[in-house]
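Listed below are the residues making up each chain.
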Amino acid sequence: MRLFVRLLSTLLGLAFAGAGILLALEVGWHWWRPGSGPLLVPWPRWQAELAALGWDAYTVRVGAVVLAVAGLVLLLCALAAGNRAVRLTDPADEVSVSTSPRSLARLVGLVVRAQDNVAGATVTASARRVRVRATSRLETEGELRPRLLETVATLLDDVPLARRPKVSVVVDSPKDRR
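What counts, and at which threshold
Residues numbered from 1 in each chain as written. Predicted model: local features only at pLDDT ≥ 70, side-chain atom pairs only at ≥ 80, totals over all residues. Heavy atoms only, no water. Helix = DSSP H or I, 4+ residues; strand = E, 2+ residues; numbered from the N terminus. Buried < 20%, exposed > 50% of the residue type's maximum accessible area, 1.4 Å probe, protein only. Contact = heavy atoms within 4.5 Å. Phe/Tyr/Trp six-rings, centres within 6.5 Å; stacked < 30°, edge-to-face > 60°. Lys NZ or Arg CZ within 6 Å of the ring centre and 35° of its normal. Pairing = 2+ DSSP bridges. Axes fitted to C-alpha atoms, helices over the stretch in contact; angles between N-to-C directions. Expected span 1.5 Å × (residues − 1). Arc of directions from axis to C-beta. Parallel < 35°, antiparallel > 145°, perpendicular 65-115°, else oblique. Left-handed = near helix turned anticlockwise from the far one by under 90°. Nonpolar A, V, L, I, M, F, W, Y, C, P; charged D, E, K, R; others polar. Patch = residues over 30% accessible without salt bridge, like charges linked within 9 Å, V, L, I, M, F, W, Y side chains within 5 Å. Areas by Shrake-Rupley, 256 points an atom, 1.4 Å probe, with all protein chains shown as cover. Salt bridge = Lys/Arg side-chain N within 4 Å of Asp/Glu carboxyl O. Right-handed = clockwise from strand over helix to strand, strands pointing away.

Novice: Which residues make up the environment of Arg129, and what are the values?
Specialist: With respect to the helices and strands, Arg129 occurs in strand β4 (residues 129-135). Residue class for Arg129 comes out partly exposed when judged on its relative accessible area of 36%. As a C-alpha pair, Arg129 and Leu7 span 122 residues in sequence and 27 Å in three-dimensional space. If near-sequence neighbours (up to four positions away) are discounted, Arg129 is found in contact with Thr124, Pro165 and Lys166.

Listed below in structure tokens is the structure:
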């Protein structure tokens, strides 16, 4: 969702910048040649059409509803893209500490990859969940999974997290496919 909000804010910023440049060009053109028509945008025709509309016109009502719905969608997207930081225990009053999910995933990944018989691992983390997907060529999932669960649990006990995330470990092993 954050990517969507960033992309949307970039596009809206570019649209407003383009509208500002267009407005500056139109104003400059009108100052330079006051008697001539507009440069790019047909302002007089738009003004005449909008002057004919009343506030109770169907077009105005539909436009208001569309703008209200678009505003609510943008508001919900912004709220859903809130801060994803992983809270840590506060070391003192009036001091709050947090880390990013990426750094927690890196920390767990380093510890998991350092274990014996782990060929590789991918880790995703959030404040609520840590998911580990490890690969091993020498051990089965039944042999390696409990050890990795214990290792990750020990690591998470050492990290001063405000809330302990759930841990899930999946091991891919060619020995399980035989």
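Novice: Explain the packing of aromatic side chains to me, and be specific about the residues and the numbers.
Specialist: Applying the stated criterion across every chain yields a total of two aromatic pairs. A centroid spacing of 5.7 Å and a plane angle of 70° characterise the contact between Trp29 and Trp32, whose relative ring orientation is edge-to-face. Note that Trp29 and Trp32 are positioned in helix α1 (residues 2-32) at a spacing of three residues, about one turn of the helix. The interplanar angle of 75° and the centroid separation of 5.7 Å between the aromatic rings of Trp43 and Trp46 together place this pair among those described as edge-to-face. On the criterion of helical spacing, the pair formed by Trp43 and Trp46 is a turn pair, its members being three residues apart in helix α2 (residues 43-51). The ring of Trp32 carries Arg33 above its face, with NZ or CZ at 4.6 Å from the centroid.

Novice: How would you summarise the sheet that holds strand β5 (residues 166-172) if you had to cite specific residues and measurements?
Specialist: Read across the open sheet, the three strands follow the order β3-β4-β5; overall the sheet is mixed. With one partner strand each, in any of the chains shown, β3 (120-125) and β5 form the two edges of the open sheet. Averaged over neighbouring strand pairs, the angle between their axes works out to 15° when direction is ignored. Strand direction decides the pairing type here: β3 and β4, joined by six bridges, are antiparallel. Among the inter-strand pairings, Ala125 is bridged to a residue of β4, identified as Val130. Across the sheet, helix α4 (residues 101-113) touches β3 and β4, and the angle it forms with β3 is around 155°. Contacting β4 and β5, helix α5 (residues 141-158) runs over the sheet at an angle of about 150° to β5.

Novice: Tell me about α5, residues and numbers included.
Specialist: The end-to-end C-alpha separation of α5 is 25 Å, in line with the 26 Å expected for 18 residues at 1.5 Å each. Restricting attention to buried positions, one finds in α5 the residues Leu144, Leu148, Thr151, Val152, Leu155 and Leu156. For α5, the angular spread of the buried residues around the axis is 130°, confining them to a single face. More than 90 degrees from the buried face of α5, the exposed residues found are Gly142, Glu150 and Asp157. Of the surrounding elements, those touching the buried residues of α5 are α4, β4 and β5.

Novice: Would you mind going over the packing of α4 against α5 in detail, with residue names and values included?
Specialist: Contact geometry of α4 with α5 gives a least axis separation of 10 Å together with a crossing angle of 135°. Judged on the interaxial angle alone, α5 and α4 are oblique. Crossing hand, α4 versus α5: right-handed. Side by side, α4 and α5 meet where Leu104, Leu107, Val108, Val111 and Val112 of the first sit next to Leu148, Thr151, Val152, Leu155 and Leu156 of the second. A class-by-class count of the residues in the contact of α4 with α5 yields nine nonpolar, one polar and no charged.

Novice: Quick one: what's the story with a nonpolar patch on the surface, residue by residue and with numbers?
Specialist: Nonpolar side chains collect at one region of the surface, where Leu23, Val27, Trp31, Trp43 and Trp46 lie side by side and expose about 580 Å² of accessible area between them. Secondary structure elements with two or more residues in the nonpolar patch: α1 and α2. Mapped onto the secondary structure, Leu23 falls in helix α1.

Novice: I'd like a description of the pairing of β5, backed by residues and values.
Specialist: Both β4 and β5 contribute to a ladder of seven bridges, which runs parallel. Residue pairing in the sheet places Arg131 in a bridge with Ser168 of β5. What joins β4 to β5 is α5, and the crossover it makes is right-handed.

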